[in-house]
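Listed below are the residues making up each chain.
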Amino acid sequence: MSENVPPNDSKSASAFNSARQTAVALVRAQLDDFLNPPKGPEKRLVEAMRYAALDGGKGFRPFLVLATSAMFGVPQAQAVRVAAALESVHCYSLAHDDLPAMDDDALRRGRPSLHKAYDEATAILAGDALLTLAFEILADGATHADANVRLALVASLAQAAGRQGMVGGQTLDILSPDLSLDMADLSRLQGLKTGALIGFAVEAGALLGAAEAAQTAALKAYAQELGLAFQIADDVLDVTGASQTLGKTAGKDVAEGKATFVSLLGLAGARQEAENRAAAALAHLAAFGSEAEPLRQAAQFVIHRKN
Ligand code: GRG
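All of the points below concern the structure found in this document. (Residues numbered from 1 in each chain as written. Predicted model: local features only at pLDDT ≥ 70, side-chain atom pairs only at ≥ 80, totals over all residues. Heavy atoms only, no water.)

1. A word on empty space enclosed by the protein
We apply this condition: With a 1 Å grid laid over protein atoms only, a set of points is called a cavity when a 1.4 Å probe fits there but cannot get out and a pocket when it is open yet has protein on both sides within 12 Å along at least five of seven lines; lining residues have an atom within 4 Å of a point. Grid points are joined across faces, edges and corners, and a volume is the space filled by probe spheres set on the points. In this description a helix means any DSSP run of H or I spanning at least four residues, a strand means any run of E spanning at least two, and both kinds are numbered starting from the N terminus. Just so you know the grouping, Ala, Val, Leu, Ile, Met, Phe, Trp, Tyr, Cys and Pro go in nonpolar, Asp, Glu, Lys and Arg go in charged, and all remaining residues, Gly too, go in polar.
In this structure the tally under the stated criterion is two cavities of 30 Å³ or more. In this structure, the largest cavity spans a volume of roughly 100 Å³. As for the largest cavity, its lining consists of Tyr 51, Ala 52, Cys 91, Leu 94, Ala 95, Asp 98, Arg 108, Arg 109, Arg 111, Pro 112, Ser 113 and Leu 114. When residues of the lining of the largest cavity are traced back to their parent elements, those giving at least two are helix H2 (43-53), helix H4 (76-97) and strand E2 (111-112). No other element matches H4, which puts three residues into the lining of the largest cavity. In terms of residue class, the lining of the largest cavity is made up of seven nonpolar, one polar and four charged. Counted as a void, the second largest cavity has a volume near 70 Å³. Take the lining of the second largest cavity: its biggest share by element is four residues, from helix H1 (residues 10-34). Taken together, the residues of the lining of the second largest cavity sort by class into five nonpolar, two polar and two charged.

This is how it looks when you write it as structure tokens:
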């Protein structure tokens, strides 16, 4: 345990888990509402979207949107819509990542991955439709009365999800076995692949709540460190976790010869680095008071999680 990260005491872990479960339930109900299966042949598409988005998942990104929004007094209904949009993008990325052309994984969230439960074409289309649903949600007047705020949310999510964010990071990840990545390269790759959506989660709360520029900057810096801690913990779990606990195939990074934080730093070094990153994330919250406690608990969660 790093000196700078307080131990994961059971009271804050239980507060975090209960807030995370609430976020999962609220976002699921919201997506359930959006994804009413139509009658007719296109029903299959919406059922596949529901399969990808309504079952399982830790709800880490929804939790971050709700927790950050609450810091600025944002009405919960607005925050839940934005969290649902973000989760929709996240679920599309998981479905596409599992495809044979990408990570080729048969297991996701403890069940057959989307293309195994349906078929490849449906998994591609359902992912596409989840991605576009996100922008439909954000652009709707119910998300925020001010069109400028809605526009800022759309622009920010597009940037986080696209070539300068998650898709860019995924591209680097696919190329990575042929690149010799050092810590700086790998941190950049993961900052794009995993960190960008985590960054959007806290930025969205700040946008909805009209946070001051310095507060937004601190939150984004927090998210950057948190995203790295999350990914390093993921690399550790890929080596130490069992597929059953993880709900996805363990040991794939090593099998594919990809550079990971564990391959660069060793297991103990990677664990320490996750703690360092979590401590750095906490340091960026120094200017906030007790309203940021849920975000502090999130930093503990990422390094203590088991799946
Ligand atoms: C296909 C454009 C495209 C991108 C895929 C998210 C992603 C990028 C790939 C998934 C593979 C992976 C291990 C990514 C690192 C980020 C990560 C740990 C994602 C899983 O997020 P969790 O653990 O998933 O929050 P749940 O299921 O809990 O929502």
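2. Description of the layout of surface pockets
A probe as big as a water molecule, rolled over the atoms, marks out the empty space that is left. Each pocket or cavity is described by its volume, and for the largest pocket that value is around 1100 Å³. Taken together, 50 residues line the largest pocket, and the ones lying closest to its centre are Leu 94, Asp 97, Arg 108, Asp 234 and Lys 248. Of all the elements in the fold, those that place two or more residues in the lining of the largest pocket are helix H3 (60-71), H4, helix H8 (166-175), helix H9 (183-208), helix H10 (213-240), helix H11 (243-246) and helix H12 (252-255). Sorting elements by how many residues they give to the lining of the largest pocket places H4 first, with seven residues. For the lining of the largest pocket, a count of residues per class yields 14 nonpolar, 17 polar and 19 charged.

3. Quick word on the packing of aromatic side chains
Our working definition: Paired rings are identified among Phe, Tyr and Trp, the last through its six-membered ring, by centres lying within 6.5 Å, and are further divided according to the angle between planes into stacked (under 30 degrees), edge-to-face (over 60) and tilted (the rest). Three exposure classes are used, based on accessible area relative to the maximum for each residue type with a 1.4 Å probe and protein chains only: buried under 20%, partly exposed in between, and exposed over 50%. Should the NZ of a Lys or the CZ of an Arg lie within 6 Å of a ring centre and within 35 degrees of the ring normal, that charge is described as sitting over the ring.
In this structure the tally under the stated criterion is five aromatic pairs. Consider the rings of Phe 60 and Phe 230, whose centres lie 5.1 Å apart with planes at 15°: the pair is stacked. Of this pair, Phe 60 sits in helix H3 while Phe 230 sits in helix H10, and the two are 170 residues apart along the sequence. Taken individually, Phe 60 and Phe 230 each receive the classification buried, so the pair is uniform in this respect. Counting every residue linked through ring pairs, the aromatic cluster contains Phe 16, Phe 60, Phe 63, Phe 230 and Phe 301. The ring of Tyr 51 has Arg 111 lying over it, and the distance from NZ or CZ to the ring centre is 3.8 Å. Sitting over the ring of Phe 230, Arg 305 keeps its end group 3.9 Å from the ring centre.

4. With respect to the site of the ligand
Let me state the cut-off plainly: Here, proximity means that at least one heavy atom of the residue falls within 4 Å of the molecule or strand. Contacts described as polar in this section are N or O atom pairs within 3.5 Å, which, within protein, must combine one atom able to donate a hydrogen with one able to accept it, while residues neighboring in sequence count only if both atoms come from side chains. Only the protein chains shown count as cover for residues, with accessible areas throughout obtained via the Shrake-Rupley method and a probe of 1.4 Å. Placement in a cavity or pocket follows one criterion, namely that more than half of the molecule's atoms lie within 2 Å of its grid points.
Neighbouring the ligand are 19 residues; Lys 58, Arg 61, His 90, Arg 109 and Gln 231 lie closest to it. In this structure, an oxygen atom belonging to the ligand sits 2.7 Å away from a side-chain N or O atom of His 90. Between the ligand and Arg 109, the relevant distance is 2.7 Å, taken from an oxygen atom to a side-chain nitrogen or oxygen of the residue. A total of 690 Å² of accessible area belongs to the ligand in isolation, and the protein chains cover 92% of it. Counting atoms within 2 Å of the grid points, the majority share of the ligand lands in the largest pocket. When contributions to the shell around the ligand are tallied by element, the ones reaching two or more residues are H4, H8, H9 and H10. A total of six residues in the shell around the ligand trace back to one element, the largest contributor, which is H4. The residue makeup of the shell around the ligand, split by class, is five nonpolar, seven polar and seven charged.

By themselves these figures say nothing about function.
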